[in-house]
Amino acid sequence: MNASDEIATPPLLELRGISKTFPGVKALDDVSFALHAGEVHMLLGENGAGKSSLMKVLCGAYQADAGEFFYKGDKVTITSTADAQKLGIAVIFQEFSLVPYLDIAQNIFLGREPKGRIPGTIDRRKILADAKRLLDTIGFDIDPSVVVNTLGVAQQQMVEIAKAISQNARILVMDEPTAALSDRETELLFALIARLKADGVSIVYISHRMAEVFALGDRITVLRDGRRIDGVRPADVTPDQLVRMMVGRTVDMTYPRNFADKPGELLLQVKGLTSPTGISDINIEVRRGEIVGLCGLVGSGRSEVARAIFGADQVTSGEIVFDGKPISGEPDIAARRGIALIPESRKSEGLALLRSVGDNLVVSALRKLFPSGLFDPRSGQRTADGLIRQLRIATPSARQTVGLLSGGNQQKVVIGKWLAAGAKLFIFDEPTRGIDVGAKSEIFALIDRLVAEGAAALMISSEQVEICHVCDRAYVMREGRVAGHLARNELTEENIVRLGMHHA
Amino acid sequence: MTDITKEALSPPRSFLSQDAIQLFYRLLAVFLICAVLAVLNDSFLSLGNILNVLRQASLTFFIASGLTLVVLTAGLDLSVGANVALSACVAGTVIHTTGSPALGILTGLACGGIVGLLNGIMVTALRIPSFIATYGMLWVLNGLTYWYMAGETLHGFPAGFRQIGSGYLFGLPIPVYLLLVFLGIGTLFAQRTIWGQEIYAIGANPVAARLSGIPVTRRLLLVYAVSGTMAGLASIIFLSRLNSAEADIGESLTLPAIAAVLIGGTSLFGGVGTVFGTFIGALILTLVLNGMNLLAVSANWQPLVTGIIVILAVWLDMKTRRRAQ
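Note that the structure is predicted; figures quoted are calculated from it, not measured.

*Asks:* Honestly, the overall build of chain A in this entry has me stumped. Any pointers?
*Replies:* The number of helices and strands found in chain A is 19 helices and 20 strands. On C-alpha atoms alone, chain A measures out to a radius of gyration of 25 Å, which is about the 23 Å that the 2.2 N^0.38 rule sets for 504 residues. Principal axes of the C-alpha set define a box for chain A whose edges measure 70 × 50 × 50 Å. With 504 residues in all, chain A has 46% of them scored as buried.

In structure tokens:
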């Protein structure tokens, strides 16, 4: 599409001057946004910049306080999700809305099933055939009678997209669609997006990954603090410029790290660890003062290694020696010995979302803070206040419900609870997932400080750039085994990918 | 919901916490009920009647206080009533055969505790949902009690033993003292011990609690054992008060205990609630029933009224909680 086209045809959908205020915060402030037919429009911004609010206004989940909508140049109103659906707008959420116990075809046509000959029945043959045809058009080769809960995340996403297409969606809104996908699955998704584009479907794409923005985007809109900062084309900007637009200041993309001259004493030694979760013969060492990376594709067994070391999963054979003594058993034993796990899914595994920031910060340190067994709320509060200051957690007070904080601050709370517990080994599982650029730097500065003070870190990350920047060395996993070890001078993205790839 | 909206939707923190507001409403309800009953009926405010209310509330409270801990972990113990019946019959038999009330009390408590521990084992080691495990246990205990009693009734216990349920000390019924003691112990345990804190954490998110290093299995075993032991305690009070034990005494106890927990503001989803709230819940329940008796309202209406109060209390709690989030 060139400049003259844009003038000739009005945008498929245009939002003008959208504002949305919640008590105390202006979530969207006079935001305009134009989406053309067949384009991928990237929506960029830090957490809390207003991307998700804009998305919710777009799909009718929120009603804007001010502003206008235009569809193909005509003024329209979007005040409900039904309005949005009529305009062909569909949202693919991060948390999928499929019914786990129904099959693919049933999910796609849920509530719109073709009727069978006998009243009240469903034409099973037709539903399967229709679903198959639909799946073919998006290039997803699978039997539509497969039950959804047996599918992986990427496949469920495909089903979601098929469902949206079946509802004649012309505008797809995708919120971090690659967040849980492996590299290969990401490629498949990108191929699908290209195909949808060719069919004239427009895509609003929210992402935190710079590479995707440039690989996919036809146009980029940057939001900050609820305002539209700029609209640009990928060819006209550099990643650094985009980051500056997002954060409003220069952020050092090379993460802070003070590498120690020589590693400290041996802290963790894993020998021949095998577990029923699919990892076998894992041998890993971590020394004090080190950040050791654990890389590999999603599904290569990285998280399973972390969970096995922490005692969260069973171990069938092998030995774990921590701080000179063997360790085995449940997580409470590992925690007491000084091992911390910062799990991948903060919300479901790391925090009690409905409890306060303070409650979450002291939960792992109760035995250490109150050796008598008697809990003193005031002393707990003091500890929490100290951590909030030390980690610069943005919260009105320790009594704030932790679920109301932003992703980066929630992550700081999870780390903070292990600081309070006095952990010596921190196992991070995707510590920067869903966290914005500014908070990422802070998290890494924090990890750097921890290991400088004599702790050690084992870090799982799918962001190879991060591993290369921060880690002293790294293990690369493949299909449940350690495929190789990379010393600091060998630590490049290329080497990680080469070791982690399937040789099939 | 996304980060900005959540932050945006949260109102400025008021100086009163959520729990304080809910407690305030409940105390207000108690006061209003008392005021209305005092106006409608002269004998309501008589010392005898007030002590009677407290004594009745205490029975419900003993069962409900242990149950509160279970509900705080997002579990449920449906076997408490049946446990009271079995424990009462076992304790009664021991007192009859040995003539020692002390031995009987210990057996009653132990019986209740062991049943609770078995519930805990089913929930933790066998991973049976607590609702189903304790529902099954209810039938098992009923079966055991009916077989053991074979239609007999135990009655006639030593006068000293009967003092526990029906005696007075400085003008107050002894169960009321016990109520105050266990209210204090329960509140201290839940609010001021690390085990209490861990129980709240488990109820709020069991997965996160385990990955935070809390020994979830051991805490759950403890909680179910405590619930069972409190049922054992209730069985002793019951036995000594009625001076008799039958196989079917437990059948009318479980549902009111659950009602007291819910009216008291403890959430069935876990992590929210207090033992003191449960006391207020038991008090509200007893006051309403007492009032209906005084006003000569047919007893047939009592279940209906109880049901409405439970629904109303839970609905109001959910409303205030939703507004706060």
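*Asks:* Which parts of the structure should I look at to understand the pairing of strand β8 (residues 202-206) of chain A?
*Replies:* Moving residue by residue along a regular strand, the side chains alternate between the two faces of the sheet. Residue and element names in this part refer to chain A. Buried residues dominate β8, accounting for five of its five residues. Residues S202, V204 and I206 line one face of β8 and the alternating positions I203 and Y205 line the opposite face, and both faces are buried. Judged from the four bridges that link them, strand β3 (residues 40-44) and β8 form a sheet pairing that is parallel. Its bridge partner being in β8, V40 is matched across the sheet by I203. Relative to β8, strand β7 (residues 171-175) runs parallel, the two being bridged by five bridges. For V173, the partnering residue across the bridge sits in β8 and is V204. Crossover β7 to β8 through helix α7 (residues 183-198) is right-handed.

*Asks:* Sorry if this is basic, but what is going on with the pairing of strand β11 (residues 266-275) of chain A here?
*Replies:* Residue and element names in this part refer to chain A. In the sheet, β11 pairs with strand β12 (residues 279-287) via six bridges, with the strands oriented antiparallel. Each residue of the ladder has a partner; that of S275, found in β12, is I279. With antiparallel pairing between neighbouring strands as the criterion, β11 and β12 make up a hairpin whose turn holds three residues, including G278 at a positive phi of roughly 110°. With five bridges connecting them, β11 and strand β14 (residues 317-322) associate as antiparallel partners. In the sheet register, L268 faces β14, and the bridge partner there is F322.

*Asks:* Would you take a moment to explain the confidence of the model for chain A for this structure?
*Replies:* All names here are of chain A. The predicted model of chain A has a mean per-residue pLDDT of 87, with 95% of residues at 70 or higher. Taking the mean pLDDT of every element in chain A, the minimum, 50, falls on helix α1 (residues 3-8) and the maximum, 97, on strand β16 (residues 339-342). A low-confidence stretch, residues 1-6 stays under pLDDT 50, and its non-local contacts, those more than four residues away or across chains, total three contacts.

*Asks:* Which parts of the structure should I look at to understand the sheet that holds strand β6 (residues 89-92) of chain A?
*Replies:* Through backbone hydrogen bonds, the strands of a sheet pair up, either in parallel or in antiparallel fashion. Residue and element names in this part refer to chain A. The six strands lie next to each other as β6-β7-β8-β3-β9-β10, forming an open sheet whose pairing is mixed. In this open sheet, the two edge strands, each paired with only one partner strand, are β6 and β10 (227-232). Here the strands of the sheet are splayed against their neighbours by 20° on average, with no regard to which way each runs. Sheet strands touched by helix α9 (residues 239-247): β3, β9 (219-224) and β10. Its angle to β9, the strand with the most contacts, is close to 35°.

*Asks:* Looking at this structure, I do not really get the nonpolar core. What am I missing?
*Replies:* Membership of the largest hydrophobic core comes to 168 residues, with the highest contact counts inside it found for L425, F426, I427 and A457 of chain A together with I63 of chain B. No other element matches helix α11 (residues 216-242) of chain B, which puts 14 residues into this core. Here A457 of chain A is in contact with I291, V292, F426, F428, I447, L450 and V451 of chain A, once residues within four sequence places are set aside. Among the nonpolar cores identified, the runner-up in size contains 63 residues, and V40, A169, V173 and V213 of chain A belong to it.

*Asks:* Quick question: what am I supposed to make of the environment of D77 of chain B here?
*Replies:* All names here are of chain B. Locating D77 in the fold gives a position in the loop between α3 (47-72) and α4 (80-98). Note: C-alpha distance between D77 and A133 (56 residues apart in sequence) is 8.4 Å. Excluding residues within four positions of it along the chain, D77 makes contact with L67, V70, N119, S130, T134, Y224 and S227.

*Asks:* It is not clear to me how unusual backbone geometry should be interpreted in this structure. Could you clarify?
*Replies:* Most peptide bonds adopt trans geometry, and most residues besides glycine take a negative phi value. Residue and element names in this part refer to chain A. Located in the positive-phi region is D225, a residue other than glycine, with phi close to 50°. By the secondary structure assignment, D225 is in the loop between β9 and β10. Given 16 C-beta atoms within 10 Å, D225 falls into the partly exposed group. Backbone geometry at D281 places phi at a positive 50°, although glycine is not the residue there.

Cut-offs applied
- Residues numbered from 1 in each chain as written.
- Chains lettered and ligands numbered in written order.
- Predicted model: local features only at pLDDT ≥ 70, side-chain atom pairs only at ≥ 80, totals over all residues.
- Helix = DSSP H or I, 4+ residues; strand = E, 2+ residues; numbered from the N terminus.
- Rg over C-alpha atoms; globule rule 2.2 N^0.38 Å.
- Buried ≥ 20, exposed ≤ 12 C-beta atoms within 10 Å, placed from the backbone.
- Pairing = 2+ DSSP bridges.
- Right-handed = clockwise from strand over helix to strand, strands pointing away.
- pLDDT = per-residue confidence, 0-100.
- Contact = placed C-beta atoms within 7 Å.
- Axes fitted to C-alpha atoms, helices over the stretch in contact; angles between N-to-C directions.
- Core = buried A, V, L, I, M, F, W, Y, C linked by C-beta atoms within 7 Å.

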